[in-house]
Amino acid sequence: MSPAARLRGLKPDWISDPKVWRTEVLAGLVVALALIPEAISFSIIAGVDPAIGLFASFTMAVVISVVGGRRAMISAATGAVALVIAPLNREHGFGHLVAAVVLAGVFQVVLGALGVAKLMRFIPRSVMVGFVNSLAVLIFMAQIPEMRDVPWAVYPLIAAGLALMVFFPKATTVIPAPLVSIVILTVITVGAAIAVPTVGDKGELPSSLPVPGLPDVPFTLDTLTTIAPYAFAMALVGLMESLMTAKLVDDITDTHSNKTRESIGQGIANIVTGFFGGMGGCAMIGQTMINVKVSGARTRLSTFLAGAFLMVLCIAFGPVVSDIPMAALVAVMIMVSFATFDWHSIAPKTLRRMPAGEIAVMVITVAAVVTTHNLVVGVVLGSVTAMVIFAKRVAHLAEVTAVVDPDGRTVVYRVTGELFFASSNDLVGRFDYATDPDNVVIDLSSTHIWDASSVAALDAIGTKYARHGKTVEIIGLNTPSAHLHGKLSGELTAGH
């Protein structure tokens with residue numbers, strides 16, 4: 001292959017395909033418009049100036065577009081991060097908040113390098129479905145305050161926005177329906193002088209780019225001990241949301257992403273954001289769904305442009321952006337919530353076929369997230385519930401059958417299934433110690449020893465037979481089981 005051909009192969013799709021270019025640019029613009037009110041709202045939650053949230057969204061999106069592992073995913077200031085660091089800002093001031101953002105980024109880089117992303121494989125599908133559905137519910141619930149105690153004109157505007165997004169794609173998909181809805185509703189409200197809440201009512205937009213600098217805190221051990229707990233909590237929350245969102249986008253686009261690179265990239269983005277005086281952030285499920293599912297974006301260009309357009313809109317077109325009615329953005333987010341929800345998961349046909357345990361895990365995940373407004377709580381609780389149900393189910397798969405030799409001097413117990421802490425607890429009671437012959441053989445060729453609890457159970461069986469003057473021989477151990485048994489047998493009782 002010639003050098004020119006190899007160079008062409010390295011080019012991103014959007015460079016040579018005008019259609020992809022158009023999709024990515026328009027998607028970035030729609031996401032930027034949707035980011036403005038949310039970033040301002042999250043700034044209020046964190047107790048900082050609205051410009052701080054907007055700066056964070058700008059730097060997070062631009063940096064992650066380069067260093068992240070999941071294409072087309074949007075990272076910006078988020079409510080989860082705002083909730084974690086709000087107490088720190090309230091009690092110790094903005095300087096400590098910025099320092100915590102930088103430290104959280106360092107934690108994320110370290111956790112990413114240590115392979116925290118590999119833990120994603122332990123999250124069951126039912127938890128993922130619950131995660132997606134709870135996100136959809138939270139996105140919808142977040143719009144309810146924008147529909148309370150507002151002028152009556154807000155409601156027909158929201159309805160009109162939803163109608164445009166449903167029916168406009170039937171005419172053409174060249175321009176994203178959310179962008180069309182935002183533009184038309186803005187023109188109507190401004191042209192007809194309709195008095196409704198606007199983006200400008202959320203707070204003042206920044207008039208210049210952020211300037212890099214060091215956090216305004218004393219660089220002492222006391223400062224480190226103050227910010228470290230908040231920084232570590234922010235790192236965990238940010239990674240959890242980002243990795244779950246990345247996996248969701250993988251499923252939607254049928255593509256694979258590098259979760260380790262994404263983890264490290266989130267850390268780098270937060271470090272940069274902290275040095276630019278931002279409040280930090282992580283992946284945003286709502287804006288990612290707008291970008292990927294609604295607008296059809298698939299490359300890093302849309303993520304980069306979402307951040308770039310955000311600053312351009314705020315600095316160059318601040319007065320115009322301030323006139324966008326909140327009703328238009330509420331309509332977009334309602335559409336996102338409906339598109340995000342996995343309606344198939346609650347269809348009667350699906351529920352009839354799904355195991356009761358998996359339905360319970362999904363419901364518990366959704367209930368926990370919606371109740372606490374904390375995605376991490378829901379995912380952890382759902383995963384733990386799934387593990388308990390799995391352990392209980394597998395515990396009953398260990399079966400013991402006995403066969404006595406014709407001469408009556410030997411009995412062979414054949415164990416099938418998996419031996420671990422849950423199944424081995426019942427194993428000791430499956431043997432007839434008093435009436436068995438003098439020679440007992442336990443055949444483990446159809447099982448596997450997973451933990452110390454199983455070794456301890458086998459030792460207990462041998463001890464009980466010894467009290468009756470009988471000998472026990474264990475046969476059929478596979479290599480890993482034999483290694484574990486040989487290392488721990490006789491070492492797990494008191495006195496050793």
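The coordinates are above.
First, a word on scope: everything that follows refers to the structure included in this document. Here the residue numbers are simple positions, counted from 1 along each chain's written sequence. A pLDDT threshold of at least 70 governs which residues receive local features in this predicted model, and a stricter bar of 80 or more applies before side-chain atom pairs are shown or counted, although totals over entire chains, interfaces and linings include all residues. The basis for the side-chain values is all heavy atoms of the structure; hydrogens and waters are excluded.

### Points about the pairing of strand β5 (residues 439–449)
Side-chain positions along a regular strand alternate between the two faces of the sheet. Buried residues are those whose accessible area, probed at 1.4 Å on protein chains only, stays under 20% of the maximum for their type, while exposed residues exceed 50% and partly exposed ones sit between those limits. Helical segments are the DSSP runs of H or I of at least four residues, strand segments are the runs of E of at least two, and each set is numbered from the N terminus. Among the 11 residues that make up β5, eight are buried, leaving the element largely enclosed by the rest of the structure. Pairing geometry for strand β4 (residues 410–419) and β5, over nine bridges, is parallel. Residue Y413 lies in a different strand from β5, and its bridge partner there is I442. Any two strands between which DSSP finds at least two bridges are classified as paired. Across five bridges, the pairing between β5 and strand β6 (residues 471–475) is parallel. Each bridged residue has a counterpart across the sheet, and for V440 the counterpart in β6 is V472. Note on handedness: a clockwise path from strand one over the helix to strand two, with the strands aimed away from the viewer, defines a right-handed crossover. Crossover handedness for the path β5 to helix α20 (residues 452–467) to β6: right-handed.

### Topic: the side chain of T288
For T288, the location among the structural elements is in helix α12 (residues 285–294). The buried category is assigned to T288, whose relative accessible area is 0%. In protein, a polar contact means a hydrogen-donor-capable atom and an acceptor-capable atom, both N or O and within 3.5 Å, with residues adjacent in sequence counting only if both atoms are side-chain atoms; elsewhere, any N or O pair within 3.5 Å suffices. A distance of 2.5 Å separates the side chain of T288 from the backbone oxygen of M284, its partner in a polar contact. Contact partners of T288, with chain neighbours within four places excluded, come to A72, M73, I74, T245, V249 and K293. We call two residues in contact when some of their heavy atoms are within 4.5 Å.

### Concerning empty space enclosed by the protein
Computed over the protein atoms alone on a 1 Å grid, cavities are sets of points where a 1.4 Å probe fits but cannot get out and pockets are open sets with protein on both sides within 12 Å along at least five of seven lines; a residue lines them when it has an atom within 4 Å of a point. Grid points are joined across faces, edges and corners, and a volume is the space filled by probe spheres set on the points. Taken as a whole, this structure holds two cavities of 30 Å³ or more when the rule is applied. Size it by volume and the largest cavity reaches roughly 100 Å³. The wall of the largest cavity is formed by R125, S126, V129, D342, H344, S345, T350, L351, M354, E358, I359 and M362. When contributions to the lining of the largest cavity are tallied by element, the ones reaching two or more residues are α7 (125–143), α16 (348–353) and α17 (356–372). Throughout this entry, Asp, Glu, Lys and Arg are counted as charged residues, while Ala, Val, Leu, Ile, Met, Phe, Trp, Tyr, Cys and Pro are counted as nonpolar. The remaining residues, Gly among them, count as polar. Its residues placed into classes, the lining of the largest cavity shows five nonpolar, four polar and three charged. The calculated volume of the second largest cavity comes to roughly 50 Å³. Going through the elements one at a time, α8 (154–171) and α15 (326–340) are the ones with two or more residues in the lining of the second largest cavity.

### Regarding helix α3 (residues 18–46)
Here the expected length of a helix is defined as 1.5 Å per residue gap, with one fewer gap than residues. The first and last C-alpha atoms of α3 sit 41 Å apart over 29 residues, in line with the 42 Å expected at 1.5 Å per residue. Bend is computed residue by residue as the angle between axes fitted to the seven residues ending at the residue and the seven residues starting at it. Taking the largest bend as the criterion, α3 deviates by roughly 30°, centred on L35, and proline P37 comes between one and four positions later. G47 sits one or two positions beyond α3 and adopts a positive phi of about 80°.

### Re the packing of α8 against helix α9 (residues 177–191)
Running from amino to carboxyl end, α8 crosses α9 at an angle of 140°, the nearest separation of the two axes being 9 Å. In this structure, α8 crosses over α9, and the sense of that crossing is right-handed. Counted together, L157, A160, G161, L164, M165, F168 and P169 of α8 and A177, P178, V180, S181, I184, L185 and T189 of α9 form the full contact between these two elements. Every axis in this analysis is a line fitted to C-alpha atoms, fitted for helices over the stretch in contact. Angles between the N-to-C directions lie between 0 and 180 degrees. For a crossing to be left-handed, the near helix must be turned anticlockwise from the far one by less than a right angle; the clockwise case is right-handed.

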